Amino acid sequence: MKIVPLLLVVMLWQAASMSGLLPAAVLPSFFAVVVALLSLVKSGQIFPHTAASFLRAGTGLLIGTVCGTAVGLAMARFRPVQRAVEPILLSIYPVPKPALIPLFMVWLGIGDLSKITVIALSCLVPVMVSAFNGARSVDEILLWSARARGTTEYRLWWRVVLPAALPQVATGVRAAIAIALIVMVSSEFISAEHGLGYLIFTYGGVGADNAMMAVVLYLTAIGFLIDRAYVAGLRRLMAWHAFAH
Amino acid sequence: MSCALYLRLQNVGMRFGEGVVALDSLDLSIAEREFVTIVGPSGCGKSTLLYLVGGFLKPTAGILTLRGNPIVGPGADRGIVFQRYSLFPWLTVRRNISYGLEELGVPRIERDRIVAEHVRLVHLEGFEDRYPRELSGGMQQRVALAQTLVCQPDILLMDEPFGALDAQTRRILQDELRRIWLRDTKTVLFVTHDVEEAVALGTRIVVMSTRPGRVKEVIRREFDVSDGEDFEANPQFSALKLRIWHSVKKEVEAVRR
């Protein structure tokens, strides 16, 4: 049933194209886009670009998640860390991270390194914030309970703070996944020889609108599937927690 | 019954920040194998007292000793059961109960045996693989009790453990706790605001004064209470309950004035 509104939009899109209300120069018809996508898939042309893009996004996401979790937890439990990191975090929080891409290209070159760095930095922020909030809201009773059952101060991290913060970290990572895809495409617009963002930009530049929209549709579908798979995976792995949709 | 002095609180004071005095020059001695209940008006610092014994808080005055050794921090020799939300939500019933054993480094096979024994003790057979959020409040408290008992603490600290339960479940768990205490004759320090519960469980009942909390009076229960007993039908029980109720009520009224 959830698919009905989606189908409606697609049908409206197709109807508008067929009736001439929506000229192909403005937006190709849905069918034309699907046909273009099928040929991109059939020729296998799209797959090396997919691999290049997701390698960047995945690596950046992983680095951002690990660092963000570590720093977020440390901030929540140690005042000096919080005092040192919070002003920096608050100042980079509102920066549109793609704006930093040219700078990182000057520093780290135009290859994968600069792209991965920007993606990691973009993912770091939401994960850090959620890890901080998650660890800060750990119930004191749980910490006491663990201490009274022989857990040392040091082991509390592993046995209580991290698992208690995990549902919130996971929610932050979900936001980070979407951000990773955005920054991935943005960075590939600016300079790349491979990647889905590069494909979109190139097809757009030569007026191959059908193919351009095909890549957009492809990216949308993959992004959607990743998000659903992630949420489904969380529900299984963290069956103990009641997650929101 | 052994009367060796076991837990001693001497001149204990606790203030939070400026002004709020939770406890003031409190003295209390507890012998080994006693079941001591503490009643008092809400906010009298009875939970604070328990947290001090647990080592979670440090007193701002006075000294607490267990077997003559000063209490400096939390430890597995003092097992605590909180009112609620003390189970680890990410662990199953089985893992929650085995938590303390894992921390002690008890081997897997030994752990499984002890956990199975305690699952039976608190009647949770069949729920070993559930998560806390799937259990009722009463079952969660059974898990918390088992989680504490596996550590074989010298003293059980209980902070209104049955306070959030319905009357029926509370009564059943009270009887179970009394049975466990009689069987293992552990020392128990049990905080409650329920006078009937205090009399039903405690061999000595401590009444605390309103804030700043002090020991107002200590009453020894001179008769035995048995499982499933009709308290109303026991004149000794009713008389003691009434006496303590008046003592607590005076403190409650002192706050209102």
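For clarity, every value in this text was computed on a predicted model and none was experimentally measured. (Residues numbered from 1 in each chain as written. Chains lettered and ligands numbered in written order. Predicted model: local features only at pLDDT ≥ 70, side-chain atom pairs only at ≥ 80, totals over all residues.)

Chemist: Now, about the environment of arginine 228 of chain A: what can you tell me, with residues and values included?
Modeler: Residues and elements named next belong to chain A. With respect to the helices and strands, arginine 228 occurs in helix H10 (residues 209-237). Take arginine 228: there are 10 C-beta atoms within 10 Å of it, and that puts it in the exposed class. Taking C-alpha positions, arginine 228 is 30 Å from glutamate 193, a pair spaced 35 residues apart along the chain. (Helix = DSSP H or I, 4+ residues; strand = E, 2+ residues; numbered from the N terminus. Buried ≥ 20, exposed ≤ 12 C-beta atoms within 10 Å, placed from the backbone.)

Chemist: Summarise the environment of threonine 60 of chain B; cite the residues concerned and give the values.
Modeler: Residues and elements named next belong to chain B. Structurally, the position occupied by threonine 60 is in the loop between helix H1 (46-54) and strand E4 (61-66). Looking at threonine 60, the number of C-beta atoms within 10 Å reads 13, which means it is partly exposed. Remark: the alpha-carbon pair of threonine 60 and phenylalanine 16, spanning 44 residues in sequence, is separated by 8.8 Å. Aside from chain neighbours lying at most four places away, what touches threonine 60 is Gly13, Met14 and Arg15. (Contact = placed C-beta atoms within 7 Å.)

Chemist: Outline the interface of chain B and chain A, supporting the account with residue identities and numerical values.
Modeler: Taken residue by residue, the interface counts 20 residues in chain B and 15 residues in chain A. Broken down by secondary-structure element, the contributors of at least two residues to the side of chain B that touches chain A are strand E6 (78-81) and helix H2 (93-104) of chain B. The biggest single contributor to the side of chain B that touches chain A is H2 of chain B, with 4 residues. Across the side of chain B that touches chain A, the residue classes tally to 13 nonpolar, 4 polar and 3 charged. (Nonpolar A, V, L, I, M, F, W, Y, C, P; charged D, E, K, R; others polar.)

Chemist: So what's going on with the pairing of strand E7 (residues 155-159) of chain B? Residues and values would help.
Modeler: Residue and element names in this part refer to chain B. Most of E7 is tucked away: 5 of the 5 residues are buried. Here E7 shows no split at all, with Ile155, Leu157 and Asp159 on one side and Leu156 and Met158 on the other all buried. As paired strands, E7 and strand E8 (residues 187-191) are joined by 5 bridges and run parallel to one another. Bridge pairing in E8 places leucine 156 opposite valine 188. Running through helix H5 (residues 167-184), the crossover from E7 to the neighbouring parallel element E8 is right-handed. (Pairing = 2+ DSSP bridges. Right-handed = clockwise from strand over helix to strand, strands pointing away.)

Chemist: Before we move on, can you summarise the sheet that holds strand E10 (residues 215-220) of chain B with the specific residues and values?
Modeler: All names here are of chain B. With mixed pairing, the 6 strands of this open sheet are ordered in space as E6-E7-E8-E3-E9-E10. For this open sheet the edge positions go to E6 and E10, each flanked by a neighbour on one side alone. Taking the axes of each pair of neighbouring strands and ignoring which way they run, one obtains an average angle of 15° across the sheet. (Axes fitted to C-alpha atoms, helices over the stretch in contact; angles between N-to-C directions.)

Chemist: Talk me through the domain arrangement of chain B; I want residue IDs and the actual numbers.
Modeler: Residues and elements named next belong to chain B. You can read the domains of chain B as domain 1 (5-77 + 154-256) and domain 2 (87-152). Each of domain 1 and domain 2 was reduced to a C-alpha centroid, and the two centroids are 25 Å apart. Taken together, the contact between domain 1 and domain 2 spans 8 residues of the former and 6 residues of the latter. Partitioning the side of domain 1 that touches domain 2 into residue classes produces 7 nonpolar, 1 polar and no charged. (Domains from an automatic or database assignment.)

Chemist: Requested: an account of the packing of helix H7 (residues 140-147) of chain A against helix H8 (residues 156-190) of chain A, with residues and values cited.
Modeler: Angle between the axes and distance between the axes are the two parameters that describe a pair of packed helices. Residue and element names in this part refer to chain A. Taken N-terminus to C-terminus, the directions of H7 and H8 make an angle of 155°; their axes are 10 Å apart at the nearest point. With respect to each other, H7 and H8 are oriented roughly antiparallel. At the point where H7 passes H8, the crossing takes the right-handed sense. Every residue of H8 that contacts H7 at Leu142, Leu143 and Ala146 is listed here: Leu156, Arg159, Val160 and Ala164. Among the residues making up the contact of H7 with H8, the classes are represented as 6 nonpolar, no polar and 1 charged. (Parallel < 35°, antiparallel > 145°, perpendicular 65-115°, else oblique. Left-handed = near helix turned anticlockwise from the far one by under 90°.)

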